[in-house]
Protein chains: 2
Amino acid sequence: MSTLHDVGEFGLIARIAKMAASAPHVIEGIGDDCAVLRFNTHTLLVSCDLSIEGVHFLPGTPPEAIGWKSAASSLSDIAAMGGAPSFVLVSLACPPDCEVAYIERVYDGLLDALAQSGAVLVGGDTSRSPAGLMLDVTSIGEVVGGRCLTRKGARPGDRLVTTGHLGLSAAGLHALENGHEAPALVHAHYEPTPRVSEGQWLASRTEVHAMIDISDGLAQDAGHLADAGRLGVDIARASVPLDPGLAAYSEVHACDPYAFMLGGGEDYELAFAVDEAACDDVLAAFRREFHIPVSVVGVFNDTWHGVRVDGEPLSSGGFDHFKQDETTTGNP
Amino acid sequence: MSTLHDVGEFGLIARIAKMAASAPHVIEGIGDDCAVLRFNTHTLLVSCDLSIEGVHFLPGTPPEAIGWKSAASSLSDIAAMGGAPSFVLVSLACPPDCEVAYIERVYDGLLDALAQSGAVLVGGDTSRSPAGLMLDVTSIGEVVGGRCLTRKGARPGDRLVTTGHLGLSAAGLHALENGHEAPALVHAHYEPTPRVSEGQWLASRTEVHAMIDISDGLAQDAGHLADAGRLGVDIARASVPLDPGLAAYSEVHACDPYAFMLGGGEDYELAFAVDEAACDDVLAAFRREFHIPVSVVGVFNDTWHGVRVDGEPLSSGGFDHFKQDETTTGNP
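Anyway, here's the lowdown on the structure attached to this text.

About the criteria used
- Residues numbered from 1 in each chain as written.
- Chains lettered and ligands numbered in written order.
- Predicted model: local features only at pLDDT ≥ 70, side-chain atom pairs only at ≥ 80, totals over all residues.
- Contact = placed C-beta atoms within 7 Å.
- Helix = DSSP H or I, 4+ residues; strand = E, 2+ residues; numbered from the N terminus.
- Nonpolar A, V, L, I, M, F, W, Y, C, P; charged D, E, K, R; others polar.
- Core = buried A, V, L, I, M, F, W, Y, C linked by C-beta atoms within 7 Å.
- Buried ≥ 20, exposed ≤ 12 C-beta atoms within 10 Å, placed from the backbone.
- Least-squares fit on C-alpha atoms with pLDDT ≥ 70 in both.
- Pairing = 2+ DSSP bridges.
- Axes fitted to C-alpha atoms, helices over the stretch in contact; angles between N-to-C directions.

1. Digging into the interface of chain A and chain B
Between chain A and chain B, the residue contacts involve 65 residues of the former and 65 residues of the latter. Elements represented by at least two residues in the side of chain A that touches chain B include exactly helix 1 (4-19), strand 2 (35-39), strand 3 (42-52), strand 4 (83-94), helix 3 (100-117), strand 5 (120-128) and strand 6 (134-143) of chain A. Tallied by class, the residues present in the side of chain A that touches chain B amount to 39 nonpolar, 17 polar and nine charged.

Have a look at this one:
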């Protein structure tokens, strides 16, 4: 009998997807960042995201950060489709001896993240928990301008592009776990910014063919884009921009910054596939609109499948909930 | 510093509701069975429901029953507004050594409940859990015929009416906890039927003023209807129909069946307020349409507040997640 540890998170999701019935008003079902649903004449985007103490966040995490991050990870799924988040529901389970003031601080952080993205809290559920704090955040959004981006759609020759700097959240977690002083990285870990406006702008550009948010690590999430398009993607390591703070931290603590940048998730930056010929124009226009970096970091091709870094195959570079070591924390 | 145990589930919900911003497209926010949301020209109903091992279901519960019941409790919230459930998302957390076949059986039960209500599974999240199985089921539905029923709207003189028989689920749990043989009651506990068609029919009758599903027990849920309308409600104990199987079980095991019927939740029957003058007509029409009992069990008034049973005040008669004893299980 196989266990979840044997088949892994993606094996389980594939099995559930096979069991679920299809329906004409389900445009995208299980398997993408959001469900894409036809609701009368409009298109609804819906996503759920679990945040569990000891799995997604370390015990001792400030309650505002727990709330912010659990909301950000869910809102980022709407951003990854180019949607506008509207409504959020939160299911919260916690021990009955938990202080009310502590829970209010969780909601403070959560509501701050919602306000920044223009979403409102409209409901949820509450329960006693047998072990620590647990949140499930459901975000409901809407497609803007009639177009949303899924993981599927990359074409051979398309450029793989990322927003922002990667690896900061993973390095922040590393600092927390090792007792290192690194406030900017810890902040990146605690309060990642979902790229909601950027996602909507990108979905409005037809030269952008597919998109995902980086929650499991660039290597793995680029692999999801490649797999969905039945393509391969080659990441050029040197083209992934290195944040100066991450560079400094890595040097002081003798870490490989590229391990954080390629393997670390939860920065909630966007990764997308852009038409080769239009790439320069799209990036120049993006830079005029937004004040965050945007970088070509790879190329899609149809000669092989999977992910390579500088031409070398990569077997596994991201997070799997059921295959990961029991003591790992802080991942999606 | 007060804890969740001190303020209780409803105290926590009231605090969260106060913190959440209001918005013009939120028709009903935190506090009712569903959020009621204006989505362009249509009205969306959304609800989340947690099901946690050791809190909502006993360890050893058949996996199909875990799936069915967690879906039923969420779908019932849509039924309670008179809506039609369309889409369901499931967040699942479980230990990595869990067998895949076991999880597939959970989804079998869940998908059966969805199929019965006309809803489809469209997404969710999966994660490792630190302690046992945990599901959060999000149901998205639509208002049918332009009208949905909230908890608010009961008027003085309105009759309190319930569908079906109550207390069967609570007696089934009692049988399981005490090792008694009672297959029909255990079935009622494991596979309650959300009253989706009945709810839609009731919402189409303007003589029905307010509605709720009975998840926390008749006394408590009737109290929610009374509170929302700033009224009192007097339940006539003898008018609550006693299921023959429950009567027999209670006699054999020396239990008070009315404790199950008034205090036990999770039957997911409907309780609603009907105009006094129209009550006979509405009930007669309901009986022609559906083959389940429907019974006048109380009267709303504006002379006092809260819940009384045969004129006697009732201080507390339902389930509170944070006030309940740690060992209690099987409740919402």
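Read on for the rest.
2. Some points on unusual backbone geometry
Residues and elements named next belong to chain A. For Asn40, which is not a glycine, the phi torsion comes out positive at approximately 55°. Note on placement: Asn40 falls in the loop between strand 2 and strand 3. The phi dihedral of Arg230 is positive, around 50°, even though this residue is not glycine. Tracing the chain through its elements places Arg230 in the loop between helix 7 (218-228) and strand 9 (232-235).

3. Describing the nonpolar core
Core analysis: the biggest nonpolar cluster contains 208 residues, and A:Val88 and B:Val88 have the highest contact counts within it. Excluding residues that lie within four positions of it along the chain, A:Val88 makes contacts with A:Ala71, A:Leu114, A:Ala119, A:Val120, A:Leu121, A:Val122, A:Val137, A:Thr138 and A:Ser139.

4. Notes on the relation of the copies chain A and chain B
Rotating chain A by 180° about the axis while translating it 0.0 Å along that axis superimposes it on chain B, leaving an RMSD of 0.0 Å. The relationship between the two copies is best expressed as a two-fold rotation axis. Among all C-alpha atoms of chain A, that of A:Ala131 lies closest to the rotation axis, at 3.2 Å. When the interface residues of chain A are mapped onto chain B, 100% of them again fall at the interface, so both copies present the same face.

5. Describing the sheet that holds strand 12 (residues 306-309) of chain A
All names here are of chain A. With respect to topology, seven strands assemble into an open sheet ordered 8-10-7-11-9-12-13, the strand pairing being mixed. The outermost strands of the open sheet, each flanked by one partner alone, are strand 8 (208-213) and strand 13 (312-313). By the bridge criterion, two bridges tie strand 12 to strand 13 in an arrangement that is antiparallel. What sits directly across from Arg308, in strand 13, is Pro313. Across the sheet, helix 6 (residues 196-203) is in contact with strand 7 (159-163), strand 8 and strand 10 (270-274); its angle to strand 10 comes to roughly 10°.

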